[in-house]
Amino acid sequence: MHGKAEPSKGFTGSAGGPDPRRPNRRRFLGVGALAAASVVTAAPAPFAAPAPVPASTRPRAAARPLFLGTYTSAEGGGTGVGLATYDTVTGVISGAGTVTGVENPSYLAVHPDGTTLYTVNEQQDGGVTAIALPGAGGGSPTVLGTRSTGGAGPTHLSVHPGGRWLLSANYTSGSVAVHPIGASGALGERTDLVTHSAPPPGPGQQGPHAHQILTTPDGGHVLAVDLGNDTVYTYRLDTSAGTLAQVSYARLRPGAGPRHLTFHPSGAFAYLANELDNTVVVCAYDPATGELTPGEPQSTGAGQAGGNFPAQLVVTGDGAFAYLANRGHNSLTRYAVEASGARLRLLATVPVGGDFPRQLALSPAGDLLFAANQRSNSVTVFHVDPDSGELRSAGAPFRSPVAVCVLPL
């Protein structure tokens, strides 16, 4: 179902209360101000984070950078952004220290040029932080500063493909924000903040809960996924002013709880993980209008709603397979992508090897799949068969406190 664009209302501060049907992940929201400085600890060697290398030119055996997000205010949580490397052949992860002075860095994204890492600060006084990465010559990452998102509990961020704007989603406040990115990678003051005021929240929700914001593959639109309103909003970003103008929205069935969306490489279809009703949905995307058209809900193959909470889908670079993280069932669902992206066919589920897989990431080469397992404090790694899409464990999990995000470069 689609609706006409609503005028931007600006931030109203409406915060949704906890929903007993899903895990309570926001108990840290009372954390105070962000620390102002960073320290890299326990690094065995200078840490270098070069820009992503195309798979065709990357050496077959190499150590590549990997970053880890956590909750610093959770019991047993981390102390900042985890630094690591992974072996591109074996998939084995090796720790390389921590960037401290960053509170609750629960989601991470890297600038298209590979020089700056961005993280949300998921707490009541939400923020986004920029971290300069060292070049090939080595050195230590440096925190460039933090800006307020104008909302509470930011859970997701992404960099606009042009590299000039950072987009973030405030879960608790149900709002999305835009920040300019300077030449150094540092963030400027917020240029826009839009709260999802319509349509009304879904059943059992006290308000909107923006869970993701990303740019469409064609670059023409920005999509914001709102779990509380069972809605995906389409915006146009003014790339001169850094402001968002809503152009349409797509409604999911009441109580679906859409959480994260990922596109097929063609850009014509997107796959949406619904947290509350334990389904996935294939959506058609029209680049001319920005309209997203959801299809029928499909099975995750991972138990029943209320016992499993889908987190995120990822799609292989060739568009042949998709993988879903299942929290509760603690598994990964493998789908075959058919009909040029228009259809998902469930193939199998396999144990993730950890507890509560919060986030997934494929290596740039697409031959390794990483899963951040929040409750088992671990990251598990799988080899991806390019022909069948089957997953094979790469070995023992890597221990990481309250692992909620893994970002391999």
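Structural data are supplied above this passage.
Presented here is an overview of the structure given in this document. (Residues numbered from 1 in each chain as written. Predicted model: local features only at pLDDT ≥ 70, side-chain atom pairs only at ≥ 80, totals over all residues. Heavy atoms only, no water.)

Per the secondary structure count, the chain includes zero helices and 31 strands. Relative to its 409 residues, the chain shows a buried fraction of 59%. Partitioning the intrachain contacts of the chain with sequence separation of at least 6 by distance along the chain shows that 53% fall at a separation of at least 24. Carbon together with sulfur atoms contributes 54% to the accessible area of the chain, which is approximately 14500 Å² in total. (Helix = DSSP H or I, 4+ residues; strand = E, 2+ residues; numbered from the N terminus. Buried < 20%, exposed > 50% of the residue type's maximum accessible area, 1.4 Å probe, protein only. Contact = heavy atoms within 4.5 Å. Areas by Shrake-Rupley, 256 points an atom, 1.4 Å probe, with all protein chains shown as cover.)

Mapped onto the elements, Tyr233 comes out in strand 16 (residues 231-238). The spacing of Tyr233 and His221 is twelve residues in sequence and 10.0 Å in space, taken between C-alpha atoms. Among residues more than four places away in sequence, those in contact with Tyr233 are His196, Ala198, Pro199, Val222, Leu223, Ala224, Asp226, Gln246, Ser248 and Tyr249. For Tyr233, the side chain forms a polar contact with the main-chain oxygen of Ala198, separated by 3.0 Å. Polar side-chain contacts of Tyr233 include one of 2.9 Å to the side chain of Asn229. (Polar contact = N/O pair within 3.5 Å; in protein donor to acceptor, adjacent residues only side chain to side chain.)

A word on empty space enclosed by the protein. It is a probe the size of a water molecule, rolled over the atoms, that shows where empty space is left. Considering all chains together, one arrives at two cavities of 30 Å³ or more under this definition. Approximately 90 Å³ is the volume attributed to the largest cavity. In terms of lining, the largest cavity is formed by Ser106, Tyr107, Thr155, His211, Arg259, His260, Ala311, Gln312, Arg358, Gln359 and Val404. When residues of the lining of the largest cavity are traced back to their parent elements, those giving at least two are strand 18 (258-263), strand 22 (309-315) and strand 26 (357-362). Along the lines of polarity and charge, the residues of the lining of the largest cavity split into three nonpolar, six polar and two charged. (1 Å grid on protein atoms, 1.4 Å probe; cavity = no way out; pocket = protein on both sides within 12 Å on 5 of 7 lines; lining within 4 Å. Points joined across faces, edges and corners; volume = space filled by probe spheres on them. Nonpolar A, V, L, I, M, F, W, Y, C, P; charged D, E, K, R; others polar.)

Strands in a sheet are paired, the pairing made by backbone hydrogen bonds, and the direction either parallel or antiparallel. The antiparallel open sheet is built from four strands, whose spatial order is 22-23-24-25. The open sheet terminates on both sides in strands that have one partner only, identified here as strand 22 and strand 25 (343-351). Strand-to-strand twist of the sheet, defined as the mean angle between neighbouring strand axes without regard to direction, takes the value 25°. Two elements, strand 23 (residues 321-327) and strand 24 (residues 331-338), share six bridges in a ladder whose sense is antiparallel. Considered in strand 24, the bridge of Leu324 is made with Thr333. (Pairing = 2+ DSSP bridges. Axes fitted to C-alpha atoms, helices over the stretch in contact; angles between N-to-C directions.)

Glancing now at the packing of aromatic side chains. Each aromatic ring pair is specified by the distance between its two centres and by the angle formed by the two planes. Inspection of every chain in the model, using the stated rule, returns four aromatic pairs. An angle of 25° between the planes, with centres 6.5 Å apart, marks the rings of Tyr233 and Tyr235 as stacked. The same class applies to Tyr233 and to Tyr235, which are both buried. The rings of Tyr233, Tyr235 and Tyr249 are connected pair by pair, giving a single aromatic cluster. In this structure, Arg375 is placed above the aromatic ring of Phe356, and the distance from its NZ or CZ to the ring centre is 3.8 Å. (Phe/Tyr/Trp six-rings, centres within 6.5 Å; stacked < 30°, edge-to-face > 60°. Lys NZ or Arg CZ within 6 Å of the ring centre and 35° of its normal.)

For the largest pocket, the calculated volume is near 1400 Å³. What lines the largest pocket is a set of 41 residues, among which Tyr107, Thr262, Gln312, Leu362 and Leu407 lie closest to the centre. Residue assignment for the lining of the largest pocket shows that the elements contributing at least two residues are strand 6 (108-110), strand 10 (154-159), strand 14 (210-215), strand 18, strand 22, strand 26 and strand 31 (405-408).

For the rest of this paragraph, the subject is the sheet that holds strand 18. Strand order in the open sheet formed by four strands is 18-19-20-21, with antiparallel pairing between adjacent strands. Edge positions in the sheet fall to strand 18 and strand 21 (292-299), since each has one partner strand and no second. With strand direction ignored, the average angle separating the axes of adjacent strands in the sheet is 25°. As paired elements, strand 19 (residues 269-274) and strand 20 (residues 279-285) share six bridges and run antiparallel to each other. In the sheet register, Asn274 faces strand 20, and the bridge partner there is Thr279.

What follows concerns the pattern of salt bridges. If you walk through the whole model with that rule in mind, you get six salt bridges. For Arg343, the salt bridge is made with Glu338, and the minimal N-O distance between the two is 3.0 Å. (Salt bridge = Lys/Arg side-chain N within 4 Å of Asp/Glu carboxyl O.)

In this section: the nonpolar core. Grouped burial of nonpolar side chains is what soluble globular proteins tend to show. Formed by 26 residues in total, the largest nonpolar core has its most connected members in Phe67, Val81, Leu117, Tyr118, Leu157 and Leu166. Listed by contribution, the elements that provide at least two residues to this core are strand 4 (80-87), strand 5 (93-100), strand 6, strand 7 (116-121), strand 8 (127-132), strand 10 and strand 31. (Core = buried A, V, L, I, M, F, W, Y, C linked by side-chain atoms within 4.5 Å.)

The element strand 3 (residues 63-69) is largely enclosed, with a buried count of six among its seven residues. With four bridges connecting them, strand 3 and strand 31 associate as antiparallel partners. The residue bridging Leu66 from the neighbouring strand is Pro408, located in strand 31.

This paragraph deals with unusual backbone geometry. Note that the residue after Ala198, namely Pro199, is joined by a cis bond; omega there is 0°. Within the secondary structure, Pro199 sits in the loop between strand 13 (192-195) and strand 14. Positioned with a positive phi, Ala339 is a non-glycine residue whose angle comes to about 55°. Along the chain, the position of Ala339 falls in the loop between strand 24 and strand 25. A positive phi is found at Phe356, a non-glycine position, where the angle reads about 70°. Tracing the backbone through its elements, the reader meets Phe356 in the loop between strand 25 and strand 26.

We now examine the environment of Tyr86. As for its position among the elements, Tyr86 is in strand 4. A relative accessible area of 2% places Tyr86 in the buried class. A distance of 2.7 Å separates a polar atom in the side chain of Tyr86 from the backbone oxygen of Leu409.

On their own, these measurements won't tell you what the molecule is for.
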